[in-house]
Amino acid sequence: MPPLKSLGPGFPVIDSDFQSFCASLGILSVEDFLLHDLDALAAQADLRPSPERLKQGLALVFTIIESMHQPWRNGMEILEDVQKNKRILSTGCEGVDSLLKGGLHEGHVTELTGPSSSGKTQFCLMASAEVAYKHKGLVTYIDTGNSFSAKRIAHSIGQVDKKVLQTVMNRIICYSVYDIFTLLAVLHELEFRLKSQICERDGIARLLVIDSISSLITPILGSNGPQGRGLMTSTGWLLKKVADEYSTAVLVSNHTVSGNHGTTKPALGESWKVIPHTRLLLTQVGGSNCSISIIKHPSLENATSFSLLNHSQFCITYKV
Amino acid sequence: MVENGVKGWISVNEGAREMLERVLGERPVMMLPPPLHRVPVRAGNVIEISGTSPSAKTLLLIQAAVNCVLPTEWEGVHYGGLGQLVLYIDLDCHFDVARLQQVLRYRIFKARGGRVVDWEQNNAKGGNVELPLIVCDDELLSLCMRRFFYVRCYQTSEFLATLKTLHCRVQREVEAHGARIQLLLIDNIGAFHWVDRATTISVLEVQNRKSFSLQGVWEALVHDLRKLLSVHPMLIVASKASVFGNTTNEAERPFQGRFSMDIADQRSRMKESHKHKFREYMPAIWQAFVTHRVILQNSDESVAASNGQHKQPIHLLEWLLPALNTVDKFIVGDAGAVLVP
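The sections below set out a description of the structure shown in this document. (Residues numbered from 1 in each chain as written. Chains lettered and ligands numbered in written order. Predicted model: local features only at pLDDT ≥ 70, side-chain atom pairs only at ≥ 80, totals over all residues. Heavy atoms only, no water.)

1. Focus: the overall build of chain B
Scanning chain B from N- to C-terminus turns up 12 helices and 13 strands. Relative to its 341 residues, chain B shows a buried fraction of 54%. Taking as baseline every contact in chain B between residues at least 6 positions apart, the subset at least 24 positions apart corresponds to 71%. For chain B, the computed accessible surface area is about 15900 Å², with 54% contributed by carbon and sulfur atoms. (Helix = DSSP H or I, 4+ residues; strand = E, 2+ residues; numbered from the N terminus. Buried < 20%, exposed > 50% of the residue type's maximum accessible area, 1.4 Å probe, protein only. Contact = heavy atoms within 4.5 Å. Areas by Shrake-Rupley, 256 points an atom, 1.4 Å probe, with all protein chains shown as cover.)

What follows is the structure, given as structure tokens:
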């Protein structure tokens, strides 16, 4: 939190009088104003000599605070923004697309949970291939377990011209990340890049894949202190910000742990549940088949519909 | 001058009848749409809806918003709404505007005599029929959507800044629309709980500097909300997600709020009927601010939907404050939450 005087010569009303007035009340930076009542401060300013100048300073601080939060929008504006900018990206897997009534939503965080080797990485790679090839979009793939395979992506795309394949593969950027702090750094860098690139909506499809986010968060959740969960919450909110502000579809994968009475449940605990918009669960149903069902969705009722998928090919036969 | 002051102070401002008319006009009693219909509420009340994720909390907020933005009557059709403005502060950042639009269109369709059941049956037969767009549907829809104001906050400082500047915003919108703000919805008041708790109190060079700890932040938030309620009376409905799971090895002590004793009593009673794993984690200052409490749970039962195809899980709703001993059951359909008898 930078001190008040760093507002600098651009704001002459924030002079040393104003700063000493604020310091006497325990306010050293603009953020400190958030914890105080501005009307009470104005009343305090009345007791000082030259209250008008102090009140001008307070009015300036008020305008700075107004810029510190996201803008208010009405329902029609949000609806138009969603209809114009936020598309639904198909994933390349018919079963999942029909379950989600279209595919992955730009602006939403979708979580895919399942036990190990149930096909989560395969699904992530397929979705990346689909977005890069069919939707001609950009994919950022964050790989935490060295499971990214360019060969499998090329296989998903199928037989195409070599030049086309090269263009498609160039649209996918892979980062190897092994701890949460590197992940936060990568996400902040991505956000900064997107902010400087997008002046107007350019209509490019965007997908961000994190495979798997649970391997980054589980090590920090160990203690009973709030730091681990605080980091997890901050990461989750950053993902949501990137998703919504820059029209990106975010896909994260999670593993399962054993729950009560021998059932399996998604890892990362109760606080994680509020972070994804949509949660999908993969379960093995014998042989090479697995079933995918919805645990949470903003508008579809959960757990009543599921798709059966053939593991090795990860598509076809679905049943609702 | 002093005499005038004292005389003026003890002279009558208004009679009892006038006061009652004024208060009931400013803060009328209203009923929220089912399943929150059991208790009448007024502007100035603060309702907290707790539940795990997912348990239809956001849907209840959306339904309350739809009920508020719809006009009472429009072009001869009775919609039964309040025709007022709604503010929605999204701390969870997972609001889906398509869902709001869907619930709104269902209400409009139903008010105009459309039968929702027929539509659902048609859809179940394999058709992907869109809701029939009646002429002038879009005009009413856009009027209602324009009465809904939305902001999202990605961190506590943004939430604090939003509340600080809310008074000016409210005044601007009230003047522009000529309608009052009846409802303030906050989705997931506990969204930044862990981040706030993890904020360590640094060594303060200045003695009277307020810190961004959990207590400090909540004192400022509740203070701003109280100020807002005194100037613009409105109903506040906040959803709260539980942050503690059902594990037995959690060594955290729950925050002891003023109402924690009541909650403990309720809990021992409810344990007999269904599992209850909610522990109060909000600071005492917020717990004292809340005037009504509702709890949502997912039950293991399910019921066949009207189109006969899927089985839909039943959600349970119980009022903790005021303590009613009834549990309402509802299912979530495309039209919103529907009570199950």
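2. Thoughts on the interface of chain A and chain B
Contact with chain A, which involves 59 residues of that partner, is made by 71 residues of chain B. Between chain A and chain B lies a buried interface of about 5700 Å² when both sides are counted; carbon and sulfur atoms form 60% of it. Its largest share of buried area at the contact with chain B, chain A owes to A:Leu35, A:Trp72 and A:Trp237, together 16% of the area lost on that side. Among the salt bridges present, the one from A:Glu66 reaches B:Arg172, with a minimum N-O distance of 3.5 Å. At the boundary of chain A and chain B, one finds 16 residue pairs in polar contact (both at pLDDT 80 or more). Mapped by element, the contributors of at least two residues to the side of chain A that touches chain B are α1 (16-24), α2 (38-46), α3 (51-66), β1 (73-74), α4 (75-85), α11 (226-245), α12 (269-272) and β12 (289-296) of chain A. A per-element tally of the side of chain A that touches chain B places α11(A) first, with 11 residues. Its residues assigned to classes, the side of chain A that touches chain B shows 23 nonpolar, 20 polar and 16 charged. Looking at chain direction, β1(A) and strand β7 (residues 148-152) of chain B are connected through two bridges and run antiparallel. (Buried area = accessible area lost by both parts, 1.4 Å probe. Salt bridge = Lys/Arg side-chain N within 4 Å of Asp/Glu carboxyl O. Polar contact = N/O pair within 3.5 Å; in protein donor to acceptor, adjacent residues only side chain to side chain. Nonpolar A, V, L, I, M, F, W, Y, C, P; charged D, E, K, R; others polar. Pairing = 2+ DSSP bridges.)

3. A closer look at the packing of aromatic side chains
All names here are of chain A. Scanning the entire structure with this criterion turns up 11 aromatic pairs over all chains. When the centroid spacing of 6.5 Å and the interplanar angle of 50° are considered together, the rings of Phe-18 and Phe-21 count as tilted. Of this pair, Phe-18 and Phe-21 both sit in helix α1, three residues apart, which is roughly one turn of the helix. The exposure classification of Phe-18 matches that of Phe-21, with both residues buried. (Phe/Tyr/Trp six-rings, centres within 6.5 Å; stacked < 30°, edge-to-face > 60°.)

4. Some remarks on unusual backbone geometry
Residues A:Asp211 and A:Ser212 are joined by a peptide bond in cis, for which omega reads -10°. Along the polypeptide, A:Ser212 turns up in the loop between β7 (206-211) and α10 (214-217). Despite not being glycine, A:Ser247 has its phi angle at roughly 45°, a positive value. You will see that B:Glu75, though not glycine, has its phi angle at about 50°, which is positive. For B:Glu75, the location among the structural elements is in the loop between β4 (73-74) and β5 (77-78).

5. With respect to helix α4 (residues 97-111) of chain B
Side chains of residues three or four places apart in an α-helix project in the same direction, reflecting 3.6 residues per turn. Compared with the 21 Å implied by 1.5 Å per residue over 15 residues, the 21 Å span of α4(B) between its first and last C-alpha is a close match. What α4(B) keeps buried is the set B:Val97, B:Arg99, B:Leu100, B:Gln101, B:Val103, B:Leu104, B:Arg105, B:Tyr106, B:Ile108 and B:Phe109. (Expected span 1.5 Å × (residues − 1).)

6. Points about the packing of helix α6 (residues 120-133) of chain A against helix α7 (residues 150-157) of chain A
Residue and element names in this part refer to chain A. Packing of α6 against α7 brings their axes to within 9 Å, and their N-to-C directions diverge by 55°. Here α6 lies oblique to α7, going by the angle between them. In this structure, α6 crosses over α7, and the sense of that crossing is right-handed. For the pair formed by α6 and α7, the contact residues are Gln-122, Leu-125, Met-126, Ser-128, Ala-129 and Tyr-133 on the first element and Arg-152, Ile-153, Ser-156 and Ile-157 on the second. Split into classes, the residues belonging to the contact of α6 with α7 amount to six nonpolar, three polar and one charged. (Axes fitted to C-alpha atoms, helices over the stretch in contact; angles between N-to-C directions. Parallel < 35°, antiparallel > 145°, perpendicular 65-115°, else oblique. Left-handed = near helix turned anticlockwise from the far one by under 90°.)

7. Here we look at the state of the cysteines
Taken as a whole and assessed by the stated rule, the structure comprises zero disulfides over all chains. Unpaired in terms of disulfides, B:Cys93 finds its nearest cysteine sulfur in B:Cys153, a separation of 7.3 Å. (Disulfide = S-S within 2.5 Å.)

8. Points about α3(A)
Over its 16 residues, α3(A) extends 22 Å from the first C-alpha to the last, a length consistent with the 22 Å expected when each residue adds 1.5 Å. If you check which residues of α3(A) are buried, you get A:Pro51, A:Leu54, A:Gly57, A:Leu58, A:Leu60, A:Val61, A:Ile64 and A:Ile65. Structurally, α3(A) contributes buried residues whose contacts are with α1 and α2 of chain A together with α7 (156-164) of chain B.

All quantities given are derived from atomic positions and should not be read as evidence of function.
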